[in-house]
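Here is how the chains run, residue by residue.
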Amino acid sequence: CHRLLPKMEGAWEIAFVLFQVWLSIVVGLIVLPAMFGVSLGFTDIYIKVLVKTLEWATLRIQRGQKEQPTLPSQSANGIIEKDDGSMEEEIGELRRSHPKNLAGGDFTMCDAFYFCKKGIENIVEDQVTQRFTSEELASWNLLTRTNNNFRYISVRLTIIWGLGVFIRYCILLPLRITLAVIGLSWLVIGTTLVGLLPSSNAKNWLSDLVHITCYRICARGLSATIRYHNKENRPKKGGICVANHTSPIDIVILANDGCYAMVGQVHGGLMGVIQRSMVRSCPHVWFERSEMKDRHAVAKRLKDHIADKTKLPILIFPEGTCINNTSVMMFKKGSFEIGGTIYPVAIKYDPQFGDAFWNSAKNNMVSYLLRMMTSWAIVCNMWYLPPMTRQDGEDAVQFANRVKSAIAHQGGLVDLSWDGGLKREKVKESFKEEQQKMYSSMIVGLDCHEASEGPV
Amino acid sequence: MGSRASSLLREEDIEEIKKQTGFSHSQITRLYSRFHSLDKGENGALSREDFQRIPELAINPLGDRIINAFFPEGEDQVNFRGFMRTLAHFRPVEDNEKNKDPTSGEPLNSRTNKLFFAFRLYDLDRDDKISRDELLQVLRMMVGVNISDEQLGSIADRTIQEADTNGDMCISFSEFTKVLEKVDVEQKMSIRFLH
């Protein structure tokens, strides 16, 4: 027993030394350059190799599919091709062949065909439910999780896949976890220290420095490659930055290139610790759960924040929930009612390297972060759009839709009016009532019209 | 995401469904993915709530009737076979029907079967007759609160009067077919499935 102890101590010493070496490499080669915003080029090389490998894999799979025709092709196209006619057009067409001379209006039994066809089309494929699950890839990117119909194709492909698993779980994952821990600890310690200083320009400058360096470290922790476009439109103090929401990582992406005041609910646990220390060094807007229900209180706090021109621009995600980055869903009008200049930002992730979407129904935060850290990389484009303000005669909802369209257009995303809240809630009855009203006017509208106009 | 979904569908099942419905292999696997994504309870069958979760269907005035068409009499769950059988009605009509199984009669997507599907939307109690009451109920679903009872009543009366040839104040399937004989049912009750 005694002879074992020195051996064990020796083993512990070796482990400790290895750990120190590991840590210095990580800090020296990754953390420090990240903090200074310098890139040593490792990520670039990694991405280039990755792109080449995935291209090769795609070709192999396509070749394999040609050889075995029963393999279903992975197509990102829809299942069906829809007609885009309006209710009036479609029902009009249906009625045209009807023997009775209708001249518009009045009911025929074939009207039901329209609703029936639309209903079945929506059962097969609809615009909304697909936004709450990850986007299907055009070709497999060698991750098990995106494996839709993988059948064995070739030895080489399987070996590359196996190698990928090893690299991602045994090399990249520990590295990324280390970076994340370093980054977040630095955030908490740094902001607490800065928080001890009296208010001054120096404090603000230091606070910005701590925040940005932390987010840069975190970005490295995800092998994030971000391309920023139109930096001249960067949000300024006293403004509100709005962006489409795909995941919590959006914050890391945005904060890598600027400092923002975050808005959100107060959490407990680790998040709470981070929130409390962040707010010591510069004002963020954290709401208690009870406060969030009071829309006026929320609006007031935000208004006060942007009125103070020394405070950082607020960062808000008006969709209110994570969407899968193929579309932009309804923007809640709250942020567009408080005045101030809106700085829209469009974020588009490249799903080939890693799916950034957080499906909160399927994964909790921890398993989501693990998935992120075992992806190949996070590659995305970010566009700063020119600032927008509410125009005369435009109400908050119209303004919100205008901003949403601009973001959707820039990011190449589908512009939807549906509420992201449909992820969890039922659709409002009023939409059905609209449909019923529209149809009613097709049956009797003409009669009413004639009645009011009188004989011609 | 449907990544494991296709592995739950066996080749024999796919072949059977192919024979019965006429869908292609890849269409069946894609529709299975869709079925699986709608099946929130992951029990291999869809309930009415699963369908109601599709917002565009929930706001369809005839949404409930369409959903009902998937469920056999008295049942609350529909499995993938049943799902595909119902969807098969909406396949476009082709001239060379490879799937015509001489023992089972007409293919599911024939003009007659498409018309019968629509007939069933109106025929609430499935007694092969559309009564005045049933017609009124369906009309009420389609128009909501926007038309008065009297007006709706007269619309229903007019419709039955035009269609009813045997004087029983109900619309039978053959009367239904006669009234709609000029309507392009093949096109209007078909969906263009890709590949």
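Residues numbered from 1 in each chain as written. Chains lettered and ligands numbered in written order. Predicted model: local features only at pLDDT ≥ 70, side-chain atom pairs only at ≥ 80, totals over all residues. Heavy atoms only, no water.

Chain B goes by Calcineurin B homologous protein 1-like in an unreviewed UniProt entry, where it is assigned to Sinocyclocheilus rhinocerous. Under the UniProt heading Sequence similarities (unreviewed entry), the entry covering chain B gives this text: "Belongs to the calcineurin regulatory subunit family. CHP subfamily." (UniProt positions renumbered as here; feature names shortened; annotations may be inferred.)

An unreviewed UniProt entry lists chain A under the name Glycerol-3-phosphate acyltransferase 3-like, from Sinocyclocheilus rhinocerous. Check the Sequence similarities (unreviewed entry) section of the UniProt entry for chain A; it says "Belongs to the 1-acyl-sn-glycerol-3-phosphate acyltransferase family." The UniProt entry for chain A carries the following text under Subcellular location (unreviewed entry): "Endoplasmic reticulum membrane".

> I'd like to hear about the UniProt feature "domain: Phospholipid/glycerol acyltransferase" (unreviewed entry) in chain A, residue by residue, with values.
The sites that carry the UniProt feature "domain: Phospholipid/glycerol acyltransferase" (unreviewed entry) are, in the present numbering, residues 239–350 of chain A. The span residues 239–350 of chain A is 38% helical and 22% strand by assignment, and the distance between its end C-alpha atoms comes to 28 Å. (Helix = DSSP H or I, 4+ residues; strand = E, 2+ residues; numbered from the N terminus.)

> Lay out the UniProt feature "domain: EF-hand" (unreviewed entry) in chain B with the relevant residues and their values.
UniProt's entry tags residues 26–61, 110–145 and 151–186 of chain B with the feature "domain: EF-hand" (unreviewed entry), counted in the numbering of this structure. Segment residues 26–61 of chain B splits into 61% helix and 6% strand. End C-alpha atoms: 32 Å apart.

> Tell me about the domain arrangement of chain B, and please be specific about residues and values.
Residues and elements named next belong to chain B. Splitting chain B by domain gives domain 1 (11–89) and domain 2 (108–189). In this structure, domain 1 and domain 2 have C-alpha centres spaced 25 Å apart. Facing the 15 residues of domain 1 at the interface are 14 residues of domain 2. In total, about 1300 Å² of surface goes out of reach between domain 1 and domain 2, with carbon and sulfur atoms giving 61% of it. Its largest share of buried area at the contact with domain 2, domain 1 owes to Leu-62, Arg-65 and His-89, together 53% of the area lost on that side. Between domain 1 and domain 2 we count one salt bridge in total. A salt bridge links Glu-73 to Arg-126; the nearest nitrogen and oxygen atoms lie 3.7 Å apart. Remark: the boundary between domain 1 and domain 2 carries five residue pairs in polar contact (both at pLDDT 80 or more). Of all the elements in the fold, those that place two or more residues in the side of domain 1 that touches domain 2 are α1 (11–21), α5 (63–68) and α6 (80–88). (Domains from an automatic or database assignment. Contact = heavy atoms within 4.5 Å. Buried area = accessible area lost by both parts, 1.4 Å probe. Salt bridge = Lys/Arg side-chain N within 4 Å of Asp/Glu carboxyl O. Polar contact = N/O pair within 3.5 Å; in protein donor to acceptor, adjacent residues only side chain to side chain.)

> Outline the interface of chain A and chain B, listing residues and values.
On the chain B side, the residues contacting the 62 residues of chain A number 65 residues. In this assembly, chain A packs against chain B so that about 5800 Å² is buried in total across both faces, 65% of it on carbon and sulfur atoms. The largest share of the area that chain A buries against chain B comes from A:Met109, A:Phe113 and A:Ile123, three residues that together contribute 14% of it. At the junction of chain A and chain B, the tally comes to five salt bridges. On the surface where chain A and chain B come into contact, there are 15 residue pairs in polar contact (both at pLDDT 80 or more). When contributions to the side of chain A that touches chain B are tallied by element, the ones reaching two or more residues are β1 (80–81), α3 (87–96), α4 (111–124) and α14 (429–453) of chain A. When residues of the side of chain A that touches chain B are assigned to their parent elements, the largest contribution, 13 residues, is made by α4(A). Each residue belonging to the side of chain A that touches chain B can be placed in one class, and the counts come to 23 nonpolar, 19 polar and 20 charged. Relative to strand β5 (residues 192–193) of chain B, β1(A) is paired through two bridges, and the arrangement is antiparallel. Bridged to A:Ile80 within β5(B) is B:Phe193. (Nonpolar A, V, L, I, M, F, W, Y, C, P; charged D, E, K, R; others polar. Pairing = 2+ DSSP bridges.)

> Tell me about empty space enclosed by the protein, and name the residues and values.
Residue and element names in this part refer to chain A. A full pass over the atoms with the stated rule returns five cavities of 30 Å³ or more. Within this model, the second largest cavity holds a volume of roughly 70 Å³. Broken down by secondary-structure element, the contributors of at least two residues to the lining of the second largest cavity are α3 and α4. Among the elements that line the lining of the second largest cavity, the one with the most residues is α4, at five residues. Taken together, the residues that form the lining of the second largest cavity break down as three nonpolar, no polar and five charged. (1 Å grid on protein atoms, 1.4 Å probe; cavity = no way out; pocket = protein on both sides within 12 Å on 5 of 7 lines; lining within 4 Å. Points joined across faces, edges and corners; volume = space filled by probe spheres on them.)

> Which residues make up the packing of helix α2 (residues 42–67) of chain A against helix α5 (residues 155–195) of chain A, and what values do they have?
All names here are of chain A. With their axes 11 Å apart at the nearest point, α2 and α5 run at an angle of 150° to one another. Taken together, the axis directions place α2 and α5 in an arrangement best described as roughly antiparallel. With respect to the hand of their crossing, α2 and α5 are arranged in left-handed fashion. Along the contact surface, α2 presents Tyr-46, Thr-53, Trp-56, Ala-57, Arg-60 and Ile-61, while α5 presents Arg-156, Leu-157, Ile-160, Leu-172 and Arg-176. (Axes fitted to C-alpha atoms, helices over the stretch in contact; angles between N-to-C directions. Parallel < 35°, antiparallel > 145°, perpendicular 65-115°, else oblique. Left-handed = near helix turned anticlockwise from the far one by under 90°.)

> Account for unusual backbone geometry, naming residues and giving values.
Here A:Asn230, not a glycine, exhibits a phi torsion of approximately 55°, which is positive. By secondary structure assignment, the location of A:Asn230 is in the loop between β2 (224–229) and β3 (240–243). On the accessibility criterion, A:Asn230 (34% relative accessible area) is partly exposed. Not every positive phi belongs to a glycine, and B:Glu42 is a case in point at roughly 55°. On the secondary structure map, B:Glu42 appears in the loop between α2 (25–38) and β1 (45–46). Looking at B:Glu42, the relative accessible area reads 60%, which means it is exposed. (Buried < 20%, exposed > 50% of the residue type's maximum accessible area, 1.4 Å probe, protein only.)

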